[in-house]
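Structural features, examined
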Amino acid sequence: PSAETSKEERYQRVAAAVVDILLSRGPRAVTVSAVARRATVSRPWVYKYFGKDTDSMLAFAASSYGGVFTETLLTEPAPTPEAWRASLLQGTLVGLADVEDTPWVVALYYRFRYAHGVLGDAVRDVEAQHVAAVLAGMPPRLRRREKSARRFASAFTQARLGLYFGWLDDAFRQQWTREQVCEELMGMVDGYVERARR
């Protein structure tokens, strides 16, 4: 790489290289040499910023790409159920667009969600961030029953990530429009709001 290549660009190339190797050849193929070669950075640079253990590269890649799907999530309560619903809807639309732009993110999530070690932990951490954001954005009056709110946040997150995974498949996209996918998910939200208001 040229001297003008920024550190951030190199980090992103390393993350992309790790994901590419993970999805094509599996975690055992992720080595400093393989990543450096694919990312076009030097091995000393990789050692300097990630160390000799590949776990830090695996965790960085999973967290880096997982962050794509958490950028639009609410971090504080919406003022009304309608505003919360609108936020979830907008986040879902952005997520579907992100799936099209970076399809390997969802593939990475589903392939390594139950993996042991640092990679599985990093992937599950992204899922936990989604659940936390759904809860954080929930208006306080809908959170009064904490267990119920937490169960809903988890179920909604699973459903949304599952639909993102489905969106990778051309056949799925031919059967479902964005609007239909969102309508299914928002049906969950509407049902929860109705139950919580009783």
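Everything that follows concerns the structure shown earlier in this document.
Presented here is an overview of the structure given in this document. This one's a predicted model, so the numbers in the text were calculated from it and none came from an experiment.

Tallying secondary structure elements over the chain gives 10 helices and zero strands in all. Ordered by position from the N terminus, the helices and strands of the chain form the series α-α-α-α-α-α-α-α-α-α. With respect to the principal axes defined by its C-alpha atoms, the chain has extents near 60 × 35 × 35 Å. For the chain, the proportion of its 198 residues judged to be buried stands at 45%. At a minimum sequence separation of 6, the contacts of the chain that also span at least 24 residues come to 70%. With an accessible surface of roughly 10500 Å², the chain has 52% of that area assigned to carbon and sulfur atoms.

As a further point, take the pattern of salt bridges. The full count for this structure, using the stated rule, is eight salt bridges. A salt bridge links Glu 100 to Arg 178; its shortest N-O distance comes to 2.8 Å. Of this pair, Glu 100 sits in helix α5 (residues 81-101) while Arg 178 sits in helix α10 (residues 178-197), and the two are 78 residues apart along the sequence. A relative accessible area of 40% means that Glu 100 is categorised as partly exposed.

Reading guide: rules and limits
- Residues numbered from 1 in each chain as written.
- Predicted model: local features only at pLDDT ≥ 70, side-chain atom pairs only at ≥ 80, totals over all residues.
- Heavy atoms only, no water.
- Helix = DSSP H or I, 4+ residues; strand = E, 2+ residues; numbered from the N terminus.
- Buried < 20%, exposed > 50% of the residue type's maximum accessible area, 1.4 Å probe, protein only.
- Contact = heavy atoms within 4.5 Å.
- Areas by Shrake-Rupley, 256 points an atom, 1.4 Å probe, with all protein chains shown as cover.
- Salt bridge = Lys/Arg side-chain N within 4 Å of Asp/Glu carboxyl O.

Structural measurements only, silent on function.
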